[in-house]
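# Report on the structure
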Amino acid sequence: MRTGIEFYRHAFEHEIDANHAMLKMLQSVPENNRSDSRFQRALDLATHMVLCRQTFLDVFTVASAELQDSFEECANLDALEPRMLAMEDAWRGYLSKLDDTKLDGEFEFFDNGERWRMSLEAQLFQLVGHAAYHRGQVVLLVDSLGGETWDTDYIGWFTQHYPEGWKSL
C-alpha cells in the first residue's frame, strides 16, 4: 500500500493514463457530431481539468499566487493534448520534489482578492477526485455523441500495470 506522497504520485500516473484515454474518446466522436453543443461541453470539461491542475500547481509553487479561473468556454480539441502534456510534465516535476514533510503542510493563495490557507494534502486529494468526476461526465457526453468509450477506473489500470497485485484464489 502506498502512503504519503507516493500515493499521490501513483494516483497521478493513473490520472495521466485515464486523461489520455479520455482524449482518444473525444477524438473518436464522429465529425458530424462535433458541432453538437454536448461535444463542446465535453471539450470544455476536459480543458477545465487541465486548467484546474495547472492553476493549483501555480498556487502551490508561487508565493501569494492568485487562483486563476479554470473554466474556458469554446475549448479546442487540437489544443487539448499539448496543454495536457505540459501540465503533466510540470506536475511530475513538482511531485518528484515533494516529500511527506511538505505534504503535511499548508499553502496560501488569493482568490478574488481574499487570502486563503489550506492543507496541501487535502487539495491534492481533491484534485484526484475532481479529475475522476469530470472524466465521468466527458465519457457520458462522448457516448451520447456516438464516440468510443473506455473504462478509466483505477482498478482496470492497476491490474494492467501491476498484475502481481491481482490474484485468483
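Here the structure is a predicted model, which is why all the values come from computation and not from measurement. (Residues numbered from 1 in each chain as written. Predicted model: local features only at pLDDT ≥ 70, side-chain atom pairs only at ≥ 80, totals over all residues. Heavy atoms only, no water.)

Here we come to the nonpolar core. When a protein is soluble and globular, its nonpolar side chains tend to lie buried together. Ranked by internal contacts, the top residues of the largest apolar core, which has 45 residues, are L26, F60 and W91. If one sorts the elements of this core by residue count, helix 2 (residues 37-61) sits on top with 12 residues. Apart from residues lying up to four places away in sequence, L26 is in contact with R34, F39, A42, L43, A46, L77, L80, V138 and V142. (Core = buried A, V, L, I, M, F, W, Y, C linked by side-chain atoms within 4.5 Å. Buried < 20%, exposed > 50% of the residue type's maximum accessible area, 1.4 Å probe, protein only. Helix = DSSP H or I, 4+ residues; strand = E, 2+ residues; numbered from the N terminus. Contact = heavy atoms within 4.5 Å.)

Quick look at the packing of helix 1 (residues 4-28) against helix 2 now. Direction vectors running N to C along helix 1 and helix 2 enclose 155°, while the axes themselves pass 11 Å from each other. In terms of their interaxial angle, helix 1 and helix 2 are classed as roughly antiparallel. Here the hand of the crossing between helix 1 and helix 2 comes out left-handed. Of the residues in helix 2, those touching helix 1 at F12, E15, N19, M22 and L26 are F39, A42, L43, A46, M49 and R53. Among the residues forming the contact of helix 1 with helix 2, the class breakdown is 8 nonpolar, 1 polar and 2 charged. (Axes fitted to C-alpha atoms, helices over the stretch in contact; angles between N-to-C directions. Parallel < 35°, antiparallel > 145°, perpendicular 65-115°, else oblique. Left-handed = near helix turned anticlockwise from the far one by under 90°. Nonpolar A, V, L, I, M, F, W, Y, C, P; charged D, E, K, R; others polar.)

Take the packing of helix 1 against helix 3 (residues 77-97) next. Running from N to C, helix 1 and helix 3 cross one another at 175°; their axes reach a closest spacing of 11 Å. Classed by the angle they form, the pair helix 1 and helix 3 counts as roughly antiparallel. Where helix 1 approaches helix 3, its residues I5, Y8, R9, F12, E13, I16, N19, H20, M22, L23, L26 and Q27 are matched on the opposing element by L77, L80, E81, M84, L85, M87, E88, W91, R92, L95, S96 and K97. Across the contact of helix 1 with helix 3, the residue classes tally to 14 nonpolar, 4 polar and 6 charged.

Relative to the helices and strands, E106 is located in strand 1 (residues 106-111). With 11 residues separating them along the chain, E106 and R117 place their C-alpha atoms 6.5 Å apart. Those residues in contact with E106 that sit more than four places away from it in its chain are R117, M118, S119 and L120.

This part is about the pattern of salt bridges. If you walk through the whole model with that rule in mind, you get 9 salt bridges. The salt bridge partner of E6 is R9, with a shortest N-O separation of 2.4 Å. In this pair, E6 and R9 are both assigned in helix 1, 3 residues apart and thus about one turn of the helix distant. Using a relative accessible area of 40% as the deciding quantity, one classes E6 as partly exposed. The partly exposed category is assigned to R9, whose relative accessible area is 22%. E106 serves as the salt-bridge partner of R117, at 3.6 Å between the closest nitrogen and oxygen. Residue R117 is found in strand 2 (residues 114-119), and its partner E106 is found in strand 1; the two are separated by 11 residues along the sequence. Both residues of the pair, R117 and E106, count as exposed. (Salt bridge = Lys/Arg side-chain N within 4 Å of Asp/Glu carboxyl O.)

This next bit is on the pairing of strand 2. Inspection of the sheet shows strand 1 paired to strand 2 by 6 bridges, in the antiparallel sense. Within strand 2, the position partnered with F109 by the bridge is W116. A loop of 2 residues connects strand 1 with strand 2, the two strands running antiparallel in sequence, and N112 in this loop sits at a positive phi of about 55°. (Pairing = 2+ DSSP bridges.)

One turn of an α-helix holds 3.6 residues; hence residues three or four places apart share an orientation. Between the first and last C-alpha of helix 3 there are 31 Å, a value that for 21 residues agrees with the 30 Å anticipated at 1.5 Å per step. Those residues of helix 3 that fall on the buried side of the exposure criterion are L77, L80, M84, M87, E88, W91, Y94 and L95. Around the axis of helix 3, the buried residues are gathered within 135° of arc, so they sit on the same side. In helix 3, the exposed positions angled more than 90 degrees off the buried face are occupied by D78, D89, S96 and K97. For helix 3, the elements touching its buried residues are helix 1, helix 2 and helix 5 (120-144). The N-cap of helix 3, judged by a side-chain oxygen 2.7 Å from the amide nitrogen of D78 a few residues on, is N76. (Expected span 1.5 Å × (residues − 1). Arc of directions from axis to C-beta. Polar contact = N/O pair within 3.5 Å; in protein donor to acceptor, adjacent residues only side chain to side chain.)

By themselves, these observations are geometric and do not establish any function.
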